[in-house]
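Each chain, letter by letter, is given below.
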Amino acid sequence: MPIRQVVTDRVAVITLSHPPVNALSIDGGVVAALGETVAAAQADPTVSALVIVGDGRMFCGGADIMDFDRDLAALDTVRDVLNRIEASAKPVVASIHGVALGGGLELALACHYRLAHRDSRLGLPEVSLGLLPGSGGTQRLPRLIDPSTAIELMLSGRRITAAQALEVGLIDAVTEQAPIDAALDFIRTHGPLAPRPIGRLTADGVAAVVEEQRATLRQGLNPAPAHILTCVAAAAGPLDEGLALEARLFAELAGSEASRGLRHAFLGQRLAGRIPGLPAATSAAKIGAAAVIGGGLMGAGIALAVLDADLPVVVVEPNEAARGRAGAKIRDTLARSVQKGRLTEAAAEARLGRLTLAGDISSVADADLIIEAVFEDMDAKRQVFTALDAIARPGAILASNTSTLDLDAVAACTSRPGDVVGLHFFSPANIMKLVEIVRGAKTDPAVLAAALGFVKQIGKVGVVASVCDGFIGNRIFEEYLRQAYFLLEDGALPRQIDNAMEAWGMAMGPLRTMDMAGQDIGWNIRKRRAVEQPDRPYSRIPDLICEMGRFGQKTGSGYYQYPDGRTPVDDPVINQLILDHSAELGIQRRDISDLEIVERCLLAMINEGARIVSEGVAYRPSDVDIIYLNGYGFPAERGGPMFQGDQMGLQTVLTKIRFYQDQRHGWAWEPAALLVDLAESDRRLGALNA
Ligand code: T1G
């Protein structure tokens, strides 16, 4: 049963029991059972007060996100039950532990008294799902606490501690006991309690605060913040009218692409950790001590990420000067975090206390996990893994941070290929959330499970890829870049391409991205691919730029000039080079619309992503999306390239791909067989995510 009740000393203790997060699930029967149980307790003459608690790890993680893709009218039942709780003639006490988030906190707001364990966290994170608190939160919170604080909590979606909640007046007491004991003690010491519905309060001064906030609202792809302000403004009026407006705007948001994209991202991130046939990451071997081989930019960044997870780390860098630079980079980064208030001095010191800088690879003999982060050269990697094979303890995980090289060839240098896995961090490794976990042909499932657990342990998002050129992210990125380069030949210039993609929502356009990452990196990949894939040439434009020694920000110029080292300024020399190159190819340049730019770049990602899924390099389309949302600046409100494919409709995707197949470089537009198959059977990529 998702709801339990026992009566103790005339108090009906109602427990939400719906693992894993006690979500207020409609399909799971939680909401209906809660309503029935509350009604029965109201009618029970032996009951004088009600207490609501959560079973297991938390009070309640919110409404069930899965419910929003269905008939939204069903959500009215959540509101009805909460309104009935608030209208109770008997006092209702919510006793929170773990978390009370979203609908979970709204449930507590419908109660008359709120207690929270000192370690609990409370919040209204709906905005991060493109939603608004749709069960009374926008109406009750501004009535209970200062409206500007209420708005900040709803617009940020952040969690606050029990102490902070007490300070702002959200709860009545911080407790140290188990939830039920805390509630019974509260009733005994403060009783007899009277019902105290928040709805009877008024939200004084809310209108001015809303207007002030609306003036500073940043317009983005997520319409939820503006709707939250509209609802909060209505809190100045009658509760029932505000609740009706909230319900209407909630439904509008729930059906929006932004919310569906954000919910897809939330669920897809958790799905990515589920690998068929693999033991749950929770049962995998825990990493107690890690090591990094290589003290360059990536090695230092990875070491910082490991230190941030309270793990000890040994960084091996044979070159003394480079070792010193690695240490300085780590210390400076921690010092900057302290200066910015993101870290206390003590925490920074503790991290440095767990760092060991070594010159000899024998220092990693006891490590549970060793991450190789030397430069992208197969001989260098073979050398490291041959040495590790002789030194690392039996059972240690040997990981390579390679971004493109063949992990199976690396594993073949060892006598233990089952212990070899790829951990492709994205730069800067201490900031970027994504880690591509590369499963070699011989990687042991237990090693893969431990790698997934480690990536979660360091607070990052792990997605499993099989071995291929570029794994998932970079392989798709190469097709995205290919189209961007062809667009330059056809008539667009760098600024237009980057602006079009950034206006659509990408964090940074493709050409600016390459100027930032280093054009020489792309040059090396194209040179290798010119040998390995001669039938798939790129435009010569990026090579012409590299041949001028212009590698982007690192050389002060690439597609753009960088007079201040970071800000791109259009460069007439490059723009002229592009015009001249089109002329040399005999191309009659034409006006290219921003729509065509976005469409060709997006379709190229979708097409290559479909190939990657059908080859089994990615387990499911949503894994491709999670990679793009967490590693390539794809806007979460757009859900990812594969989600966008379903948004367009695969028949439309196929029609457009076939249109471009009839244009110049049509060979680059061969539709992926999976897209053809799904389009012809009227199915969606999302159907493969289960
Ligand atoms: N609905 C459905 N499933 C949920 C869920 C939810 N609200 N929260 C978590 N899950 C699933 C998750 O997909 C995963 O599934 C499992 O639970 C464990 O999650 C009407 C509209 C609560 C802090 O935004 O922040 O209320 O992979 O790995 O690290 O106004 O989950 O095991 O199958 O994250 O311990 C608002 C979202 C909803 C909170 C627990 N609530 N959840 O973290 O576990 S909208 C949220 C979280 C709403 C109302 C509005 C975290 C957590 P699986 P996990 P965790």
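Everything below is about the structure shown above.
This is a predicted model, so every value here is computed, not measured.

> Any details on the packing of aromatic side chains? Residues and values, ideally.
Under the definition given, this model contains 13 aromatic pairs. Note on Trp504 and Phe634: the rings are 5.3 Å apart at their centroids and 80 degrees apart in plane angle, and the pair reads as edge-to-face. Here Phe634 lies in the loop between α25 (621-631) and α26 (641-648) and Trp504 lies in helix α19 (residues 494-504), a separation of 130 residues in the sequence. Taken as a pair, Trp504 and Phe634 share a single burial class, namely buried. Consider the rings of Tyr628 and Tyr632, whose centres lie 4.3 Å apart with planes at 15 degrees: the pair is stacked. By relative accessible area, Tyr628 is classed as buried at 0%. Judged by relative accessible area, Tyr632 falls into the buried class, the value being 13%. Lying across the ring of Tyr538, Arg482 places its NZ or CZ 4.4 Å from the centre.

> A description of the pairing of strand β14 (residues 397-400) should follow, citing residues and the corresponding values.
Here β14 shows a buried face lined by Ile397 and Ala399 and a second buried face lined by Leu398 and Ser400. Judged from the 4 bridges that link them, strand β13 (residues 369-372) and β14 form a sheet pairing that is parallel. Among the inter-strand pairings, Glu372 is bridged to a residue of β14, identified as Ser400. A crossover links β13 with its parallel partner β14, the connecting element being helix α15 (residues 378-391), and its sense is right-handed. Sheet topology places β14 next to strand β15 (residues 420-425); 3 bridges connect them, and they run parallel. Counterpart to Ser400 in the pairing with β15 is Gly422.

> Go over the pattern of salt bridges, please, and point to the residues and values.
Scanning all chains against the criterion turns up 42 salt bridges. The residue Glu257 makes a salt bridge to Arg638 at a minimum N-O spacing of 3.2 Å. One end of the pair, Glu257, is in helix α11 (residues 257-271); the other, Arg638, is in the loop between α25 and α26, with 381 residues separating them in the sequence. Arg540 is the salt-bridge partner of Asp543, the closest N and O atoms lying 3.8 Å from each other. Shared partners join several salt bridges into a network, and the residues in it are Glu489, Asp490, Arg590, Glu596, Arg600 and Arg664.

> Could you give an account of unusual backbone geometry, naming the residues involved and the relevant values?
For the peptide bond that leads from Pro19 to Pro20, omega is 5 degrees, which places it in the cis range. A cis amide bond, omega -5 degrees, links Ser427 with the succeeding residue Pro428. Residue position: Pro428 is located in the loop between β15 and β16 (434-439). Even without a glycine there, the phi angle at Asp682 is positive, about 50 degrees.

> Run through the site of the ligand, naming residues and quoting values.
Taken together, 27 residues sit near the ligand, with Arg57, Ala63, Glu106, Gly134 and Arg270 positioned nearest. Within the backbone of Ala63, a nitrogen or oxygen atom sits 2.8 Å from an oxygen atom of the ligand. Separating a nitrogen atom of the ligand from a backbone N or O atom of Ile65 is a distance of 2.9 Å. Expressed as a share of its isolated accessible area of 1,000 Å², the protein-covered part of the ligand is 80%. Going through the elements one at a time, α3 (103-110) and α11 are the ones with two or more residues in the shell around the ligand. Per element, the largest residue contribution to the shell around the ligand is 3 residues, and it comes from α11. Along the lines of polarity and charge, the residues of the shell around the ligand split into 13 nonpolar, 6 polar and 8 charged.

Conventions adopted
- Residues numbered from 1 in each chain as written.
- Predicted model: local features only at pLDDT ≥ 70, side-chain atom pairs only at ≥ 80, totals over all residues.
- Heavy atoms only, no water.
- Phe/Tyr/Trp six-rings, centres within 6.5 Å; stacked < 30°, edge-to-face > 60°.
- Helix = DSSP H or I, 4+ residues; strand = E, 2+ residues; numbered from the N terminus.
- Buried < 20%, exposed > 50% of the residue type's maximum accessible area, 1.4 Å probe, protein only.
- Lys NZ or Arg CZ within 6 Å of the ring centre and 35° of its normal.
- Pairing = 2+ DSSP bridges.
- Right-handed = clockwise from strand over helix to strand, strands pointing away.
- Salt bridge = Lys/Arg side-chain N within 4 Å of Asp/Glu carboxyl O.
- Near = heavy atom within 4 Å.
- Polar contact = N/O pair within 3.5 Å; in protein donor to acceptor, adjacent residues only side chain to side chain.
- Areas by Shrake-Rupley, 256 points an atom, 1.4 Å probe, with all protein chains shown as cover.
- Nonpolar A, V, L, I, M, F, W, Y, C, P; charged D, E, K, R; others polar.

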